[in-house]
Amino acid sequence: KGLNAEALKVRLHTLTPLVAEGFFAKKVVLVEGPSDVAALRAAAKMNDKSFEASGIALVDVGGKTNLDKPLIIFMSLGIPTYVLFDSDGHMSKDHEKKAHVNVQLQKLAGVKEPVEVRTHVTCDFASFETELGRHLKAELGEELFDKAVGKAAYDFGLETRQVKKVPSAMTQVLMSCNLAGHRSATLDQVIEAVFND
């Protein structure tokens, strides 16, 4: 349902220049942070897709608790919006505080019976039981993933922890894993959902 003027006004502080890019896009993909941006850009490249060429704004909102406001605004304005978030199931104390956010985001995406913690890809949102980086490591194989990250760190002159935040480095990681016969089916599903008209 649409927002009235007052409800919209109290949410406007979330509209940074990066988020505002969504007003000029055919579709908006909201993510928690730079590692999500890097992973999605890498996965798109692996699938011969381009966010820019498709008119899709890929927006880092700076944390899961910042996803709901731009999501509500874009949905209220009729702008197709996809949201990707971590369920943080590996964080016991923090999870208890943020489990309600997982539920709220799913409700905003139209889920009638949301689940607090799960890996789930739909046409409107994707969630990961823990976090995307941990999910990729488990899905692609810990040893292979760590080796690919280490090589990308060396090749790009990065610290290992920085690799997941650099799209070109993450592309190399995913391509290395793919050449070894391991591909992220989950990321492929997310890209298919995001680029599906």
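Relevant structure appears above.
Conventions used here
Residues numbered from 1 in each chain as written. Predicted model: local features only at pLDDT ≥ 70, side-chain atom pairs only at ≥ 80, totals over all residues. Heavy atoms only, no water. Helix = DSSP H or I, 4+ residues; strand = E, 2+ residues; numbered from the N terminus. Buried < 20%, exposed > 50% of the residue type's maximum accessible area, 1.4 Å probe, protein only. Contact = heavy atoms within 4.5 Å. Core = buried A, V, L, I, M, F, W, Y, C linked by side-chain atoms within 4.5 Å. Polar contact = N/O pair within 3.5 Å; in protein donor to acceptor, adjacent residues only side chain to side chain. Phe/Tyr/Trp six-rings, centres within 6.5 Å; stacked < 30°, edge-to-face > 60°.

Peer 1: For this particular structure, what's the right way to read the side chain of Thr171?
Peer 2: Tracing the sequence through the fold places Thr171 in helix H8 (residues 167-179). For Thr171, a relative accessible area of 7% corresponds to the buried category. Not counting the four nearest positions on each side in its chain, Thr171 is found in contact with Ala42 and Lys45.

Peer 1: How should I be thinking about the nonpolar core in this particular structure?
Peer 2: It is characteristic of soluble globular proteins that their nonpolar side chains tend to be buried jointly. Core analysis: the largest hydrophobic core is formed by 37 residues, its most contacted members being Val29, Leu40, Phe51 and Val173. Once residues within four sequence positions are removed from consideration, Val173 is found in contact with Phe145, Ala148, Val149, Ala152 and Val163. Leu30, Val61, Leu105 and Val111 belong to the second-largest nonpolar core, a separate cluster that totals 17 residues.

Peer 1: How do you make sense of the environment of Ala42 when you look at a structure like this?
Peer 2: The topology assignment puts Ala42 in helix H3 (residues 34-46). Ala42 sits 133 residues away from Met175 along the chain, and the two C-alpha atoms are 8.8 Å apart. Residue contacts for Ala42: discarding those within four places in its chain leaves Pro167, Met170, Thr171 and Leu174.

Peer 1: Looking at this model, I keep getting lost on the side chain of Thr186. Mind explaining?
Peer 2: In this fold, Thr186 is placed in helix H9 (residues 185-195). With relative accessibility at 9%, the residue Thr186 sits in the buried group. Only 2.9 Å separates the side chain of Thr186 from the side chain of His135, close enough to count as a polar contact. With near-sequence residues (within four places) excluded, Thr186 lies in contact with Thr119, Val121, Phe128, His135 and Glu139.

Peer 1: What exactly am I supposed to notice about the packing of aromatic side chains here?
Peer 2: Remark: the centre distance and the inter-plane angle together describe each pair of aromatic rings, the angle taken between the planes. Inspection of every chain in the model, using the stated rule, returns 3 aromatic pairs. On the basis of an interplanar angle of 55° and a centroid distance of 5.1 Å, the ring pair of Phe51 and Phe195 is categorised as tilted. With Phe51 in the loop between H3 and strand S2 (56-60) and Phe195 in helix H9, this pair connects stretches of sequence that are 144 residues apart. Assigned by exposure class, Phe51 and Phe195 land together as buried.

Peer 1: Can you help me understand unusual backbone geometry in this one?
Peer 2: Of all residues except glycine, most have a negative phi; of all peptide bonds, most are trans. Residues other than glycine seldom take positive phi values, yet Asp48 does so here, at roughly 55°. Among the structural elements, Asp48 can be located in the loop between H3 and S2. Phi is positive for Asp88, which is not a glycine, with a value near 60°. Along the chain, Asp88 turns up in the loop between strand S3 (81-86) and helix H5 (92-108).

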